[in-house]
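Understanding the architecture of this molecule
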Amino acid sequence: MRACIDRLNTAGCAATDTDWPCLFDAFEGQVPLGGECTVEHDCENWHCVKPDPDADVGTCAPWAPDGATCKTFGECDSGRCDIFGTDTCGPRLPVGSECVLHPDCETYNCVEDTGLCGPSLDDNGCPADGRMLDNKTPAGNWYR
């Protein structure tokens, strides 16, 4: 893990998709679908569903496919729930599409002033690929 963090810190904004996978190696879930979990990264697919927000134990469950009914972005395999429209899971929208919230966009950047999906940016203004902010990665879980 130390080598991974050092590599990413050295790369900074120049980090590419080939630099990030070392994070996933450090947090591989071991619990299969249907098994008990206490946190997301317990599960092989990073999806621990609890019966209520105060529950200590949940179950590793599959992500909802496109077209499934949803209430939150965290339920969908695509990372997008059309919560202001159809209440269904669906693909994220390309740059220039109308959006309401960041997870609506492929780039995870819904520009407030325009209501359109904009280019990817991270918290430091560095170019980002958006995929590091989905609902199935450490960054996605920590910064939702």
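These remarks concern the structure in this document. Source: prediction; values computed, not measured.

According to the stated counting rule, one finds six disulfides in the structure shown. Across the disulfide, Cys70 is cross-linked to Cys81 (sulfur-sulfur distance 2.1 Å). Between Cys70 and Cys81, the S-S torsion sits near 100°, and that sign places the bridge as right-handed. Taken together, the residues span a long stretch of sequence, with Cys70 in the loop between β3 (58-60) and β4 (110-111) and Cys81 in the loop between β3 and β4 at a distance of eleven residues.

Pairing between the strands of a sheet comes from backbone hydrogen bonds, and it takes one of two forms, parallel or antiparallel. If you walk across this open sheet you meet the three strands as β1-β3-β2, and the pairing is antiparallel. Pairing within the sheet leaves two strands with one partner each, and these edge strands are β1 (36-37) and β2 (48-49). Here two bridges tie β1 to β3, and the two strands are oriented antiparallel to one another. Paired with Cys37 across the two strands is Gly58, which belongs to β3.

Moving on to the nonpolar core. In this structure, Ala64, Cys70, Phe73, Cys76, Cys81 and Cys89 together form the largest nonpolar core, which totals six residues. If we ignore the near neighbours within four places in the chain, the residues touching Cys70 are Glu75, Cys76, Cys81, Asp82, Asp87, Thr88 and Cys89.

Another point: the environment of Ala61. Looking at where Ala61 falls in the secondary structure, it is placed in the loop between β3 and β4. Taking the C-alpha atoms as reference, Ala61 lies 9.8 Å from Cys37; in sequence the two are 24 residues apart. Residues contacting Ala61, with those up to four places away along its chain left out, are Leu33, Asn45, His47 and Val49.

Here is what the cut-offs are and how they apply
- Residues numbered from 1 in each chain as written.
- Predicted model: local features only at pLDDT ≥ 70, side-chain atom pairs only at ≥ 80, totals over all residues.
- Heavy atoms only, no water.
- Disulfide = S-S within 2.5 Å.
- Helix = DSSP H or I, 4+ residues; strand = E, 2+ residues; numbered from the N terminus.
- Pairing = 2+ DSSP bridges.
- Core = buried A, V, L, I, M, F, W, Y, C linked by side-chain atoms within 4.5 Å.
- Buried < 20%, exposed > 50% of the residue type's maximum accessible area, 1.4 Å probe, protein only.
- Contact = heavy atoms within 4.5 Å.

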